[in-house]
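Descriptive structure summary
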Amino acid sequence: MYIVAIIVEAMSAALAAGRRSMDWVGVCMLGSITALGGGSVRDMLLGHYPLSWIKNPHYLLITVAAALFTIFIARFMYRLRKIFLLLDAVGLVLFTVIGCNVALEMHQPFIIVITAGLITGCVGGVLRDMLCADIPLLFRSELYATVSVITGLIYVGGLRVELPHDLVTILAMAVGLVLRIMALRFNWSMPKFVYTRDLH
């Protein structure tokens with residue numbers, strides 16, 4: 001599931017690179033940064049070394065291959081849009097659980113565990129949007145970070161009350177996945193802050 005998640009993230013980033021008319025090197029770099037960036041930022045902040053893609057270099061090769069593959073099938077990608085939205089949602093909740101696990105193994109406090117899940121799930125997309133000169137999805141009203149936080153809370157909370165690990169993992173991911181899909185389907189969003197008055 002992790003491999004599927006990084007492939008999907010790399011391919012979605014490759015499409016974003018294509019919309020910015022990047023060359024093939026840019027496509028590969030953006031794909032890898034998006035897929036592996038959240039975990040890398042998390043590991044650097046927590047002092048968790050080596051980074052996942054350094055310990056497992058094939059992750060880097062997989063993301064590069066996925067990005068290059070996207071170049072050749074880009075004309076057909078719109079037909080697969082719904083599948084990609086579903087897989088992106090799976091990637092979000094899966095990365096969140098993985099990030100929480102890393103922090104738990106390091107015996108970090110509760111708030112750091114939830115934050116580690118949020119960073120793992122969302123920061124790759126933030127890096128992608130910043131490199132594409134877009135407002136990061138995380139900072140828009142769409143339910144994205146909220147889904148990650150809720151997933152992390154259910155996962156860590158379930159472990160705290162000593163529920164079976166597999167059950168907690170499935171429950172957290174299922175709730176997060178359903179919430180994300182419902183948000184996409186019904187355009188659920190967080191309240192926006194709009195301020196237009198000039199201070200001068």
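Summarised in this report is the structure supplied together with it.

Things to note about the overall build of the protein chain
A tally of regular secondary structure across the protein chain gives eight helices and zero strands. Counted from the first residue to the last, the protein chain has its helices and strands arranged as α-α-α-α-α-α-α-α. In terms of C-alpha radius of gyration, the protein chain reaches 17 Å, essentially the compact-globule figure of 16 Å for 200 residues. Each of the three principal axes of the protein chain carries a C-alpha extent, and together these read 50 × 50 × 40 Å. A separation of at least 24 residues holds for 74% of the contacts in the protein chain among residues at least 6 apart in sequence. Entry remark: accessible area of the protein chain is about 11400 Å², with carbon and sulfur atoms responsible for 68%. When the 15 basic and 11 acidic side-chain charges of the protein chain are each reduced to a single mean position, those positions are 9 Å apart.

Looking at helix H5 (residues 81–105)
Taking 1.5 Å per residue as the helical rise, H5 with its 25 residues ought to reach 36 Å, and the 36 Å between its terminal C-alpha atoms agrees with that figure. Following H5 by one or two positions, His 107 adopts a phi angle in the positive range, close to 60°.

Describing the packing of aromatic side chains
Enumeration over the complete set of coordinates arrives at four aromatic pairs. Aromatic pair Tyr 2 and Phe 95: ring centres 5.8 Å apart, planes at 75°, arrangement edge-to-face. Highlighted residues: Tyr 2 in helix H1 (residues 2–19) and Phe 95 in helix H5, separated in sequence by 93 residues. Every member of this aromatic cluster is reached through a ring pair, and the members are Tyr 2, Tyr 59 and Phe 95. Above the face of the Phe 186 ring, Arg 185 is positioned so that its terminal group lies 5.1 Å from the ring centre.

Remarks on the side chain of Asp 88
Mapped onto the elements of the fold, Asp 88 is located in helix H5. No salt bridge forms around the buried Asp 88; measuring N to O, its nearest opposite-charge neighbour Arg 180 is 4.4 Å away. Those residues in contact with Asp 88 that sit more than four places away from it in its chain are Val 8, Glu 9, Tyr 144 and Arg 180.

Thoughts on the environment of Ala 133
Note on placement: Ala 133 falls in the loop between helix H6 (110–131) and helix H7 (145–160). Measuring from C-alpha to C-alpha, the distance between Ala 133 and Leu 177 comes to 28 Å, with 44 residues separating the pair along the chain.

Considering the packing of H7 against helix H8 (residues 165–186)
Their axes nearest at 9 Å, the elements H7 and H8 cross at an angle of 160°. What the angle tells us is that H7 and H8 run roughly antiparallel. Crossing hand, H7 versus H8: right-handed. Residues Val 147, Ile 150, Thr 151, Ile 154, Tyr 155, Gly 158 and Leu 159 of H7 lie in contact with H8, whose contacting residues are His 165, Val 168, Thr 169, Leu 171, Ala 172, Met 173, Val 175, Gly 176, Leu 179 and Arg 180. The residue makeup of the contact of H7 with H8, split by class, is 11 nonpolar, five polar and one charged.

A short note on the packing of H5 against H8
At their nearest, the axes of H5 and H8 sit 9 Å apart, and the two run at 140° to each other. Considering their axes alone, H5 and H8 lie oblique with respect to each other. Judged by the twist between their axes, the crossing of H5 over H8 is right-handed. Of H8, the residues touching H5 (which contributes Leu 85, Leu 86, Asp 88, Ala 89, Val 90, Leu 92, Val 93, Leu 94, Val 97 and Asn 101) are His 165, Thr 169, Met 173, Gly 176, Leu 177, Arg 180, Ile 181 and Leu 184. Classifying every residue of the contact of H5 with H8 by side-chain character gives 12 nonpolar, four polar and two charged.

Some details on the state of the cysteines
Throughout the structure, instances matching the rule amount to zero disulfides. For the unlinked cysteine Cys 100, the closest cysteine sulfur is that of Cys 122, found at 11 Å.

Conventions adopted
- Starting afresh in each chain, residues are numbered from 1 along the sequence in its written order.
- Given that this is a predicted model, residues contribute local features only at a pLDDT of at least 70 and side-chain atom pairs are listed and counted only at 80 or more, while totals for whole chains, interfaces and linings are drawn from all residues.
- Just so you know, side-chain values use all the structure's heavy atoms and leave hydrogens and water out.
- Numbering of helices and strands runs from the N terminus; a helix is a DSSP stretch of H or I covering at least four residues, while a strand is a stretch of E covering at least two.
- Values of the radius of gyration come from C-alpha atoms, whereas the globule rule sets the reference at 2.2 Å times the count of residues to the power 0.38.
- Contact between two residues is taken to exist if any of their heavy atoms lie within 4.5 Å; hydrogens are not considered.
- We get accessible surface area from the Shrake-Rupley algorithm with a probe of 1.4 Å; when it comes to residues, only the shown protein chains can shield them.
- When charges are tallied, Lys and Arg are placed among the positive residues and Asp and Glu among the negative ones, while His and the ends of the chain are skipped.
- A charged residue contributes its charge at one atom only: NZ of Lys, CZ of Arg, CG of Asp or CD of Glu.
- What a helix should span is 1.5 Å times the count of its residues minus one.
- Note on aromatic contacts: the rings of Phe and Tyr and the six-membered ring of Trp form a pair at centre separations within 6.5 Å, being stacked when their planes are under 30 degrees apart, edge-to-face when over 60 apart, and tilted otherwise.
- In this scheme, Lys NZ or Arg CZ marks a charge over a ring once it lies within 6 Å of the ring centre and within 35 degrees of the ring normal.
- Burial classes follow relative accessibility: with a 1.4 Å probe on protein chains only, a residue under 20% of its type's maximum area counts as buried, one over 50% as exposed, and anything between as partly exposed.
- One speaks of a salt bridge when a side-chain nitrogen belonging to Lys or Arg is within 4 Å of a carboxyl oxygen belonging to Asp or Glu.
- Helix axes are fitted to C-alpha atoms over the stretch in contact, other axes to C-alpha atoms as well, and angles between N-to-C directions run from 0 to 180 degrees.
- For classification purposes, angles smaller than 35 degrees are called roughly parallel, those larger than 145 roughly antiparallel, those between 65 and 115 roughly perpendicular, and all remaining angles oblique.
- The handedness criterion is simple: a crossing whose near helix is rotated anticlockwise from the far helix by less than a right angle is left-handed, and one whose near helix is rotated clockwise is right-handed.
- Nonpolar residues are Ala, Val, Leu, Ile, Met, Phe, Trp, Tyr, Cys and Pro. Charged residues are Asp, Glu, Lys and Arg, and all others, Gly as well, are polar.
- Criterion for a disulfide: a pair of cysteine sulfur atoms within 2.5 Å.

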